[in-house]
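Structure at a glance
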Amino acid sequence: MAISAVARETVFALRRQIAKIEGTLPERLEAPASGAPKAIPGTVRSGFPSGLAEKQIAGDAAGSDATPEITIVRRGLAVASPAFLHTGIERLDTALGGGVPKAALSEIHGLETRDAGAVAGFALSLASLILKQKQGLPVLWIGTAEIFREAGFPYARGLNAFFGIEPEQLLFSEAPKLVDALWIAEEAARMTAFAAVLLEIRGSPRLLDLTATRRLHARAQSAGRPVFLLRQAGQAEPTAAPVRLIVSAAPAASRETLAGALAGSIGRPGFTVDIGKSRTALPGQFTLEWNPDEHAFAERRPEEERATNSVAVVPLSLRGADPAPASGAVLAFPALASPAPILPTACDQPSRQQRPAHRSPRRAG
């Protein structure tokens, strides 16, 4: 019996240690001690909302026997307190359970190679929001030579113009192989010297499996920094990322003026964002626009839902109502009708000097 109790205690301790390392804790880790534990005041055993791992340990109660240790957790992101990066779009943040997690691995997925620009632009938009809160810290972008040769590098002058990111705030690390890029990402994710770490890969490589993403997720939780996995032209595979966003380019809308939409113009860049996986398991599709002047997102609404401009172009008279009467139909030419017969009058008769010469009598001599 003693050997069995020691074995059970050892197994329980190993399970708890593995769960802490991987960051994927079960719903409840019950203590192996015999007997049912006493109820803990204020402890809720079910109905936990997803998104936060919570642990409650029962200690000694005054005037009663010591209760065995019990750990109750919530399935999802194991962090001490909820920390999210708010996108500014209320519907998107609500669907994600508060926003994009700061201390976690988040996946930004592009289904095709032509979506690489949209995925990179969306990631830079999130990095711009992060740099607003963490001034002075750079962002590290890691990738292989293959992905940088296929998708290219961001334009330095466009970083400041569109995202408010100085060129020295964005660092690049080009690795010859994926195994090197993964090693750099794991080492950088554990450092607090970066505001965020971006790892860009192409396709669905075998090395980027569930175990590799679990290590990245655990390093991000430990450092309290976000790690973004940019997957270009690959299939959706199981990862430890609690959030997966599928991003593609959206057609740019026309520029808005006081008189309405300017036909034939190109407005702000747009993104179509689909929630592939989230802590709340709520699917959704959103069309976002990035405002390069305010460095913020805006949700594009359908044309029929857009509010009309309520500001008058020309203000009314200060005396009250506009004294000008309502104008009727204005035509450039009078309406066509059957022409009336034109009768000759005295004024229409030509003078003597204007009469043809052959009609005047000639004088001989």
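This structure is a prediction, so every number in the text was calculated from the model and none was measured.

What counts, and where the lines are drawn
Residues numbered from 1 in each chain as written. Predicted model: local features only at pLDDT ≥ 70, side-chain atom pairs only at ≥ 80, totals over all residues. Heavy atoms only, no water. Axes fitted to C-alpha atoms, helices over the stretch in contact; angles between N-to-C directions. Helix = DSSP H or I, 4+ residues; strand = E, 2+ residues; numbered from the N terminus. Parallel < 35°, antiparallel > 145°, perpendicular 65-115°, else oblique. Contact = heavy atoms within 4.5 Å. Nonpolar A, V, L, I, M, F, W, Y, C, P; charged D, E, K, R; others polar. Expected span 1.5 Å × (residues − 1). Buried < 20%, exposed > 50% of the residue type's maximum accessible area, 1.4 Å probe, protein only. Pairing = 2+ DSSP bridges. Arc of directions from axis to C-beta. pLDDT = per-residue confidence, 0-100. Core = buried A, V, L, I, M, F, W, Y, C linked by side-chain atoms within 4.5 Å. Salt bridge = Lys/Arg side-chain N within 4 Å of Asp/Glu carboxyl O.

Here the focus is the packing of helix α6 (residues 178-189) against helix α7 (residues 210-223). Their axes nearest at 8 Å, the elements α6 and α7 cross at an angle of 20°. When the interaxial angle is binned, α6 and α7 end up roughly parallel. Residues A185, E186, E187 and A189 of α6 touch α7, and the partners they reach there are R215, L216, R219, A220 and A223. In the contact of α6 with α7, the residues fall into five nonpolar, no polar and four charged.

Turning our attention to α7. Between its terminal C-alpha atoms α7 stretches 20 Å, which fits the 20 Å expected from 14 residues at 1.5 Å a residue. All buried positions along α7 are accounted for by A212, T213, L216, H217, A218, A220, Q221 and A223. Downstream of α7 by one or two residues, G224 has phi in the positive range, about 70°.

Its location among the elements puts A175 in strand β7 (residues 170-175). Those residues in contact with A175 that sit more than four places away from it in its chain are G143, T144, A145, D180, A181 and I184.

Right, let's get into the pairing of strand β5 (residues 105-110). The buried fraction of β5 amounts to six of the six residues, a majority that puts the element mostly inside the structure. Side-chain alternation along β5 places L105, E107 and H109 on one buried face and S106, I108 and G110 on a second face that is also buried. Pairing geometry for β5 and strand β9 (residues 227-232), over six bridges, is parallel. Pairing of H109 across the sheet is with R231, part of β9. The pairing of β5 with strand β10 (residues 243-250) spans four bridges and is classified as parallel. Across the sheet, the residue bridging to I108 is L245, located in β10.

Moving on, we get to helix α5 (residues 156-163). Among the residues of α5, those classed as buried are G158, L159 and F163. With its buried residues spanning 110° around the axis, α5 presents them on a single face. Tucked inside the fold, the buried residues of α5 contact α3 (116-133), β7 and β14 (285-291). Just downstream of α5 lies G164, where phi reads positive at about 70°.

What follows covers the confidence of the model for the protein chain. Looking at the protein chain as a whole, its pLDDT mean stands at 75, while 61% of the residues score no less than 70. For the stretch residues 24-81, pLDDT sits under 50, and the model shows 88 contacts to residues farther than four places along the chain or on other chains. Taken together, the stretch residues 304-313 has pLDDT below 50 and engages in six contacts with residues farther than four places along the chain or on a different chain.

Across soluble globular proteins, you tend to see nonpolar side chains buried next to one another. Counting 41 residues, the largest nonpolar core has I108, F122, F228, V247 and F297 as the members making the most contacts within it. It is α3 that contributes the most residues to this core, 11 residues altogether. Residue contacts for F122: discarding those within four places in its chain leaves I108, L245, V247, F271, V273, L288 and F297. I142, A181, A188 and L216 belong to the second largest nonpolar core, which has 20 residues in total.

Here Q232 shows up in strand β9. Beyond its immediate sequence surroundings of up to four residues, Q232 is in contact with G110, D115, A116, V119, I147, E200, I201, R202 and G203.

Here the focus is the pattern of salt bridges. This model, assessed by the stated rule, comprises eight salt bridges. In this structure, R231 engages E107 in a salt bridge whose closest nitrogen and oxygen atoms are separated by 3.0 Å. Of this pair, R231 sits in strand β9 while E107 sits in strand β5, and the two are 124 residues apart along the sequence. Classification of R231 as buried rests on a relative accessible area of 0%. Residue E289 is joined to R300 by a salt bridge in which the shortest nitrogen-to-oxygen separation is 2.7 Å. Of this pair, E289 sits in strand β14 while R300 sits in the segment after β15 (296-299), placing them 11 residues apart in sequence.

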